[in-house]
Structure formats: C-alpha cells, structure tokens
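Examination of the molecular architecture
Each chain is listed here by its residues.
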Amino acid sequence: MFKIDPAQDSFDCYIKEKNYYVDKTEIIYEYLEESFESKIMFTRPRRFGKTMIMTMFRDFLDNTQKSEELFKGLKIMEHKDLVNQYMNKYPVLFLSLKDVKGSSFEDIYDLFRNKVCEVYRDHAYLLSSEYLDDDDKEMFSELKKGEASKSTTILGVSFLCEMLKKHWDKQVFVIIDEYDVPMANAVGTPAYEDVLDMIQKMLSSVCKTNSNVKAVMISGCLYTIKNSSYTGLNNIRPKTILTNRYAMYFGFTDEEVKQILTAAGYSGKYDEVKKTYDGYIFGNTHIYNPWDVMNYIAYLDDNGGISPIEPQLFWANTSETRLNLIHGFLGRTADALEGFEKLLTGQQFVKVINENVPYHQLHDAGNNLWAGLLETGYLTKAEKQGRSGTLTLCIPNIEVMEVFRQEVSNFFEKHVDIASVNLFVDALWNSNAKGSQDSLDLILQATVSYLHAYHEYTYHLVLDGFFTGKGYRTYSEIEAGFGRSDLIIKDLERNRALVLELKHAEKEKDLQKGLKEACDQIKAKKYESNLVYDGYTEIHKYGMAFFDKQCLIKELQ
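Residues numbered from 1 in each chain as written. Predicted model: local features only at pLDDT ≥ 70, side-chain atom pairs only at ≥ 80, totals over all residues. Heavy atoms only, no water.

Time to look at the sheet that holds strand β9 (residues 380-381). Read from one edge of the open sheet, three strands run β8-β10-β9, paired in antiparallel fashion. Bordering the open sheet on either side are β8 (349-351) and β9, each of which pairs with just one other strand. Note that β8 and strand β10 (residues 391-394) share three bridges and pair antiparallel. Within β10, the residue paired with Phe349 across the bridge is Leu393. (Pairing = 2+ DSSP bridges. Helix = DSSP H or I, 4+ residues; strand = E, 2+ residues; numbered from the N terminus.)

With that settled, the discussion passes to the sheet that holds strand β13 (residues 496-504). Strand-to-strand pairing in sheets goes through backbone hydrogen bonds, with the strands running parallel or antiparallel. The strand order across the open sheet formed by five strands is β11-β12-β13-β14-β15, and the pairing between neighbours is mixed. Edge positions in the sheet fall to β11 (473-480) and β15 (550-556), since each of these pairs with one other strand and no more. Here the average twist between neighbouring strands, direction ignored, is 30 degrees. Here helix α18 (residues 418-429) sits on the sheet and contacts β12 (483-491), β13, β14 (538-547) and β15; the angle it forms with β14, its principal contact strand, is near 130 degrees. (Axes fitted to C-alpha atoms, helices over the stretch in contact; angles between N-to-C directions. Contact = heavy atoms within 4.5 Å.)

The next subject is the pairing of strand β4 (residues 213-220). Across the eight residues that make up β4, a large majority, seven, are buried. Strand direction decides the pairing type here: strand β3 (residues 172-177) and β4, joined by five bridges, are parallel. When the sheet's bridge partners are listed, Val174 is paired in β4 with Val216. (Buried < 20%, exposed > 50% of the residue type's maximum accessible area, 1.4 Å probe, protein only.)

It is at 11 Å that the axes of helix α12 (residues 270-277) and helix α13 (residues 290-302) come closest, and there the two elements cross at 140 degrees. With respect to α13, the element α12 is oriented oblique. Where α12 crosses over α13, the two elements pack in a sense that is right-handed. Counted together, Glu272, Val273 and Tyr277 of α12 and Asp292, Val293 and Tyr296 of α13 form the full contact between these two elements. Its residues placed into classes, the contact of α12 with α13 shows four nonpolar, no polar and two charged. (Parallel < 35°, antiparallel > 145°, perpendicular 65-115°, else oblique. Left-handed = near helix turned anticlockwise from the far one by under 90°. Nonpolar A, V, L, I, M, F, W, Y, C, P; charged D, E, K, R; others polar.)

This part is about the environment of Ala382. Along the polypeptide, Ala382 turns up in the loop between β9 and β10. Its relative accessible area of 3% is what places Ala382 among the buried residues. A C-alpha to C-alpha distance of 34 Å links Ala382 and Thr189, two positions 193 residues apart in sequence. In this structure, Ala382 is in contact with Ile281, Gln348, Thr392 and Cys394, ignoring residues within four places of it in sequence.

For the rest of this paragraph, the subject is unusual backbone geometry. Notably, Ser431 is not glycine yet its phi reads approximately 60 degrees, a positive angle. Position of Ser431 among the secondary structure elements: in the loop between α18 and α19 (433-446). We note that Asn495 has phi near 55 degrees; this positive angle belongs to a residue other than glycine. Inspection of the secondary structure assignment puts Asn495 in the loop between β12 and β13.

As structure tokens, this is what we get:
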C-alpha cells in the first residue's frame, strides 16, 4: 500500500510509519567517505528536505541507537565498510532551532534555552558517568533544568560536546538544523542584533578548533553569518543552491518524481506536476520542491485522483520568507519594479549575486534583494547562463508565479483607487472600450510615482495586478493559437474570458500605429483558439497601446 506523510520530517518517524521514501541515503556515503569536511553548512529554501537529511545523519551515526532495521534496504547499506565504521559508532548532539521564534529577544532566548535543555535531557545518562567530575555534573544539571546563566546557556552546546567526549572517549558529531530561523523571525525588530549575536556565539564556540568535535553539520535557508567577528564561523564551508556537490539530495529529481507518481498510481499527472512545481536548478541539477510534490499526491488521494482546478500553493502559503522578504519589495527601487515586470512576463534577467547576505541587509541594495529571493526559492538560476560573475534569474514555476502576482495585486491595492479599477474591468466585460480607456487613463495618472519607467511590461504588470486582485485567473505570455498572448483573463465562474494584446509606443504620435499592430496580431495569431476549444461562451478581444500615462483600447468584433 502506498503511503506518504508530507508533514513528517523526521527520518526515523517517517520510516517507522512505513511511508514511501525517496532514497537519499547516498549523501551519507558522499559526505563521510568522498568529501568529508569538519564544518559544513547546507543552505536550501524552506521545506526542501533539510530536516529529513539532518535527522537521517543523526539516526545513522548516533551510538545510543540501533539503526540497522531503520536503514534496511536503503542504498547506504551497500557500503559495508562505511556502515561498519560509522553506523551507531559516534556520540551525536542534535539541536533543532526551527521553532525558536518570538516577538522579543526574551521570548526567543527562552525558546532557545528550552531547546538546549532538551538536548541535555537527551543525554541525561551523563549525570551518572564515572568520567565526569562533580563540576561537570553540576553544570550539566543546571543546563538540563534551564537554571544556568545566559552566557553559559549560549555556550551549552560546546560544553556538552566536551562532556560527551569525556564519557565516550570519541569525538562528537554536532548537527544543528534550521540554525537561522531565529534570525529570520527577528529581522526588522529590535531583537535582531541580540538574536544574531546569540546564534553566532553559539556556533563559533563549536566550530572553532575543538578536539571534542568530529564534525559540525548545519542546515539553514541563508548563509547569513559570514564575516562575523567570531573567528569560529570562518571555518564553515557552505554548500548553497549554486553548489554542484550534494545538489541532488535536497528535493526530488525528475526521475524521482516519475517514480513516486508511478508508485502512487498517478503517472498520468506527471506533466501537470512538472508544469506547476518543477523549475529549480540547484548546482547543475533540475530539482522539484518535495513539499509540493508530496502534498499534491496527498491532495489527489483525498479527492479521488481528480486534479485541482487552480494551482495549489502548498509551499508558498507555508513560507514565512514571503512575509519577511517579498512583502514590501515592490516600489522600493526602480530596479525592483522593473525586475518584477520582466519576471511576470516570463522574461529572464541578469544580476550579480552575493550569496552571503545577512538577513538585515536583504533590503539594503537591489542585488541583495535578488540574492535573497534566489536563496529562499522564489527565483532560480536559468538553465543557460551568461557571462562569468553574474547569474541569469527567472521564476521557477507556476506556483511561484502566482505568488508574485498576488504581491503585485497587494501593492496596487494600496496605491490605486479600487473604484477606478472596478470601472475599468467592468467596462471590458461589457464591451465598453471607451469607458475602459478613460478609467485606465485615470489609473495611469495616479500611479505615475510608482512606475519608474515605461515599457510594455510595465503596463503588463499593472493589468496583471488588477485582475489577480479581482480574483480572476490571469495567464501571462502563454501559448495560444499560433503564438504567445500577452494576457488571457478567465472568469471561471461565468465561463467568459478576455484576450489582451499590449503595445508600447515610443512616441505619442505612434499610439494609433501600436493599437493597430496589437489588433492585427490578435487576428493573425488567433489567440482565442484555445478558449473556443475549451468551451468559453463569452470571449472579448482587446488591442491596447500605451505611451507614458495615455492609452488607446479597441475591441475586436
């Protein structure tokens, strides 16, 4: 029987519940045998399988477990020498910070302290160890109960490594999952600097030269602690989404998606899944968002195998990064707005990317914004790259495109009179080209301070935002008829649609020429063909031409 649990991200629990597992255990061999590094950080967007990988390392290495049955039949068991050398042979200190969030530094510190207490409780056997002296046990007891001072608590991970080394006479594997969640939560608040200092101090204490530690393995969303004053952090080697090594282990490859859909009985849904949730390139590997794929299958199971009418935003609606990073992005700089305009029309653009941007500097410069969107999964690098030192960026898939559309809609809701938008949209549905033109003229005059430059995609962005905000299905630059239409708007409830072709005139005198070109293109390319085939009973086709804050609109009969 096929079974999955998208919400379960702990390896041992997932396997013990007999869920379908996409075997990623080869990363254990690749890391321990082929490319061992004593201080390593894996950075990936949220919900790309970091916790599953980190708990898998914990369960494989931890000498207080017996894991043969857990890993039975998985690829790692084929490497018998490595299994004999490492499986359940080392003390492991596992610390997860993914739930360490709060509205103040005090709240965040309290949760951090609780996590340190949990780790000490996991190793409570040390209180009876003959290898620890009374001072060690007194400190251990204070940290276990949460009674230690703040400075001692922050350094508690390092202290525990020392005690574990004394007891087992073996170096310790330290695994810290989602290290940057407290910082991401605190960015933009007075707590941020204190939270940043706390996390940096904790990491530095275990990452500096330390004979008690075999390796420190860290996961997070951003490599945001580089260039810290804490010298221990300089030893960390980041493996980001641009790194080739380990690229295939975080997320699903194309072949893995085919296998899981076949196992679930939904092989016929492959094209739909690829269109909506594929598009990421990590290193040189094509990657699907695993959270989306698993939740999509769960959706099909719950609905008799029937696909959703609308794209389901499984990942986007769970990501706090959207609130902290994307929200407020628009309108900040001309570069940001122009970038959004290009992205929404399916274009790519080239940027210099700094992979080591702290959370609090993400909005300080345009390139930092794009780097943040890349690292957090809202953009990806294009398959074909240009000159060295830059990256060509694009929106990865339909799901993320929908997120950008919603953000554009939210932006214009704050800056544009909704009554004028309603008049514009209603006029289009009612074949009132003059009324829609007058309303859009007023809107363009009102938004002049927010539109930093005028291109065809500038107006494209405005219209996209309006229709998305009104709840219509908006399709940008999709294949239709014999070409690609600028915008197709669907009113699913009333089975009607709009076809809009936009042209930008370089001079005011060229408006009429642009309008004719738009109308002629709709006729020649037959953009309405797919709509007719799909049974839409009411289709309105409009050519639109723009110059500065002026527009001309004509409906094709």
